[in-house]
Amino acid sequence: MDKKVEKTLKKLEETGHEFWIIPHETGEFLNNLIREKNIKCVLEVGTSIGYSGIWMAEALSHTGGKLYTLESHNERFEKAKNHFEEAGLTKYITQLKGHAPDIEIPDMFDLLFLDATKIEYVSYIKTFLFHMKKGGVIVADNAISHRKELAEYEKYIFNSPQLKSELNTLGTGIFISTII
Ligand SMILES: C[S@@+](CC[C@H](N)C(=O)[O-])C[C@H]1O[C@@H](n2cnc3c(N)ncnc32)[C@H](O)[C@@H]1O
């Protein structure tokens, strides 16, 4: 991994916890998933200060892909912009400012990463499913740490005939759903 990327990730791991960043192992998982599946187009809901975005954009720099990442909070949006610059990954990232799911989405995606307001996950998936390619993957964070808030989401993904879903205990827990 490039030194600038490593340095920025390390800095955010040391200083970024008040911004609810994902655990290191979840970042590593997303990075490997993108590389192994040769994923080209990713949508993230919940940029915060850009930690998970850096993990994913680093992998996309190898697959020749692109990350679209969405954040509604001005200050965190700007912090993320600086961190993406520091990591030297700006050209793989398009930052979108707004409140999901009420936002124009410019593309079709192979990976959707949900890490925003937990009780809104159902509204995100219902909207963004129309922007997912067949065989695409949806990863939703906090499956274990926020299981109560995600109860509706869990019910939705395990009952949808369009999805094959599993619970993975990595980090704070992730739901992984594949579009079938
Ligand atoms: C858990 S943090 C994201 C952490 C980030 N994924 C990381 O690991 O570096 C959640 C972020 O989602 C943003 N957010 C919450 N609800 C949102 C919504 N409906 N649309 C856009 N952003 C939202 C919050 O402002 C917050 O910065």
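These numbers come from a predicted model, not from an experiment.

Novice: Just to check I follow, could you spell out the overall build of the chain for this structure?
Specialist: In terms of helices and strands, the chain carries six helices and seven strands. Seen in sequence order, the chain has helices and strands lined up from the N terminus as α-α-β-α-β-α-β-β-α-β-α-β-β. Taking 180 residues into account, the globule formula puts the C-alpha radius of gyration at 16 Å, and the chain, at 15 Å, falls close to it. Considered along the principal axes of its C-alpha atoms, the chain spans approximately 45 × 30 × 30 Å.

Novice: How should the site of the ligand be read in this particular structure?
Specialist: Around the ligand sit 19 residues in total, of which Trp20, Gly46, Ser48, Tyr51 and Ser52 are the nearest. Looking at the shell around the ligand, the elements with two or more residues in it are α3 (51–63) and β2 (66–71). In terms of residue class, the shell around the ligand is built from eight nonpolar, seven polar and four charged.

Novice: What exactly am I supposed to notice about the packing of helix α2 (residues 24–36) against α3 here?
Specialist: If you want to describe how two helices pack, look at the angle between their axes and the distance between the axes. In contact at an axis separation of 8 Å, α2 and α3 are set at 20° when each is read in the N-to-C sense. Comparing their axes, α3 and α2 come out roughly parallel. Note that α2 runs across α3; the crossing there is right-handed. Side by side, α2 and α3 meet where Gly27, Leu30, Asn31, Ile34 and Arg35 of the first sit next to Tyr51, Ser52, Trp55, Met56, Glu58, Ala59, Leu60, His62 and Thr63 of the second. Classifying every residue of the contact of α2 with α3 gives seven nonpolar, five polar and two charged.

Novice: What exactly am I supposed to notice about the packing of helix α1 (residues 3–15) against α3 here?
Specialist: Running from N to C, α1 and α3 cross one another at 155°; their axes reach a closest spacing of 10 Å. The angle between α1 and α3 falls in the class roughly antiparallel. Two packed elements cross with a definite hand, and for α1 against α3 that hand is left-handed. In this structure, α1 contributes Val5, Thr8, Leu9 and Leu12 to the contact, and α3 contributes Tyr51, Ile54 and Glu58.

Novice: Sorry if this is basic, but what is going on with the sheet that holds strand β1 (residues 41–45) here?
Specialist: Through backbone hydrogen bonds, the strands of a sheet pair up, either in parallel or in antiparallel fashion. What the seven strands build is an open sheet, ordered β3-β2-β1-β4-β5-β7-β6; its pairing is mixed. Each having just a single partner strand, β3 (93–97) and β6 (163–168) make up the two edges of the open sheet. Shown here is a sheet whose adjacent strand axes are inclined to one another by a mean of 15°, direction ignored. Pairing of β1 with β2, which is carried by five bridges, proceeds in the parallel orientation. Opposite Val42, over in β2, you have Leu67 as the bridge partner. Packed on one face of the sheet, α3 meets β1, β2, β3 and β4 (109–114) and runs near 165° to β2.

Novice: Is there a simple way to think about helix α5 (residues 121–128) in this case?
Specialist: Owing to its 3.6 residues per turn, the α-helix brings residues three or four apart onto one side. For α5, the full list of buried residues reads Tyr121, Tyr124, Ile125 and Phe128. Take α5 and look down its axis: the buried residues cluster within an arc of 90°, on one side only. Looking at the buried residues of α5, the elements they touch are β1, β4, β5 (132–141) and α6 (151–159).

Calculation rules
Residues numbered from 1 in each chain as written. Predicted model: local features only at pLDDT ≥ 70, side-chain atom pairs only at ≥ 80, totals over all residues. Helix = DSSP H or I, 4+ residues; strand = E, 2+ residues; numbered from the N terminus. Rg over C-alpha atoms; globule rule 2.2 N^0.38 Å. Near = placed C-beta within 6 Å. Nonpolar A, V, L, I, M, F, W, Y, C, P; charged D, E, K, R; others polar. Axes fitted to C-alpha atoms, helices over the stretch in contact; angles between N-to-C directions. Parallel < 35°, antiparallel > 145°, perpendicular 65-115°, else oblique. Left-handed = near helix turned anticlockwise from the far one by under 90°. Contact = placed C-beta atoms within 7 Å. Pairing = 2+ DSSP bridges. Buried ≥ 20, exposed ≤ 12 C-beta atoms within 10 Å, placed from the backbone. Arc of directions from axis to C-beta.

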